[in-house]
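Letter by letter, the chains look like this.
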Amino acid sequence: MKFEGAVLKEQGVTFAIVVVKSHVLNSTNQCDEARAAFRGAFPGVPIILMAQDSRGTATYQGRKDIVNFLSKIHISRIPWKQYNYN
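Let me begin by describing the structure that accompanies this report. (Residues numbered from 1 in each chain as written. Predicted model: local features only at pLDDT ≥ 70, side-chain atom pairs only at ≥ 80, totals over all residues. Heavy atoms only, no water.)

In terms of nonpolar packing, the biggest core is built from 14 residues, with V18, V20, F38, F42, I47 and L49 touching the most fellow members. Among the secondary structure elements, those contributing two or more residues to this core are β2 (13-19), α1 (28-38) and β3 (47-52). Once residues lying within four places of it in the same chain are set aside, the contact partners of V20 are L25, F38, L49, M50 and A51. In this structure, L8, F15, M50 and I73 belong to the second largest nonpolar core, which totals 13 residues. (Core = buried A, V, L, I, M, F, W, Y, C linked by side-chain atoms within 4.5 Å. Buried < 20%, exposed > 50% of the residue type's maximum accessible area, 1.4 Å probe, protein only. Helix = DSSP H or I, 4+ residues; strand = E, 2+ residues; numbered from the N terminus. Contact = heavy atoms within 4.5 Å.)

On to the pattern of salt bridges. Following the criterion strictly, the structure yields one salt bridge and no others. Note that D65 is salt-bridged to R63, the shortest N-O span being 2.8 Å. Judged by relative accessible area, which is 44%, D65 ranks as partly exposed. (Salt bridge = Lys/Arg side-chain N within 4 Å of Asp/Glu carboxyl O.)

Moving on, we get to the pairing of strand β4 (residues 58-61). Each regular strand carries side chains that alternate between the two faces of the sheet. Here β3 runs beside β4; their pairing, made up of four bridges, is antiparallel. The residue bridging A51 from the neighbouring strand is T59, located in β4. (Pairing = 2+ DSSP bridges.)

Turning to the environment of L49, a few remarks are in order. By secondary structure assignment, the location of L49 is in strand β3. Sequence-distant contacts of L49, that is, excluding residues within four places in its chain, are made with V18, V20, V24, L25, C31, A34, R35, T59, Y60 and Q61.

In spatial order, the strands read β4-β3-β2-β1-β5; together these five strands make up an open sheet with mixed pairing. Strand pairing shows two members of the sheet lacking a second neighbour, β4 and β5 (81-84), which therefore form its edges. The average angle at which neighbouring strand axes cross in this sheet is 35°, direction not considered. The sheet contact formed by strand β1 (residues 2-10) and β5 spans four bridges and is antiparallel. Bridge pairing in β5 links K2 to N84. Strands in contact with α1 are β1, β2, β3 and β4; relative to β3, the strand with the most contacts, it is inclined by about 120°. (Axes fitted to C-alpha atoms, helices over the stretch in contact; angles between N-to-C directions.)

Counted according to the given criterion, the structure contains four aromatic pairs. Seen in terms of ring centroids, F3 and Y83 are 5.3 Å apart; in terms of plane orientation they differ by 10°. Their pairing is stacked. Remark: Y83 occurs in strand β5 and F3 occurs in strand β1; sequence separation between them is 80 residues. Each member of the pair, F3 as well as Y83, is classed as buried. Among the aromatic residues, those joined into a cluster by ring pairs are F3, F38, F42 and Y83. (Phe/Tyr/Trp six-rings, centres within 6.5 Å; stacked < 30°, edge-to-face > 60°.)

In structure tokens:
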């Protein structure tokens, strides 16, 4: 499985961000399934899901303190990379 994501450490908290389709964020079940699917790639850290609308505006879903932090920074400041996970 190939996906785009990032691992960040901010204020002593390491967490992962994974890019998902917008519709995933509309369903608690799909969010839970997505997190479970990516947990092996990012064991032991909170996983934040991120989707963009047609204008490129990011929406984050996950731990409230991390989502609050991410909402205040520009998406271009996140060190995105391609991951390959089996």
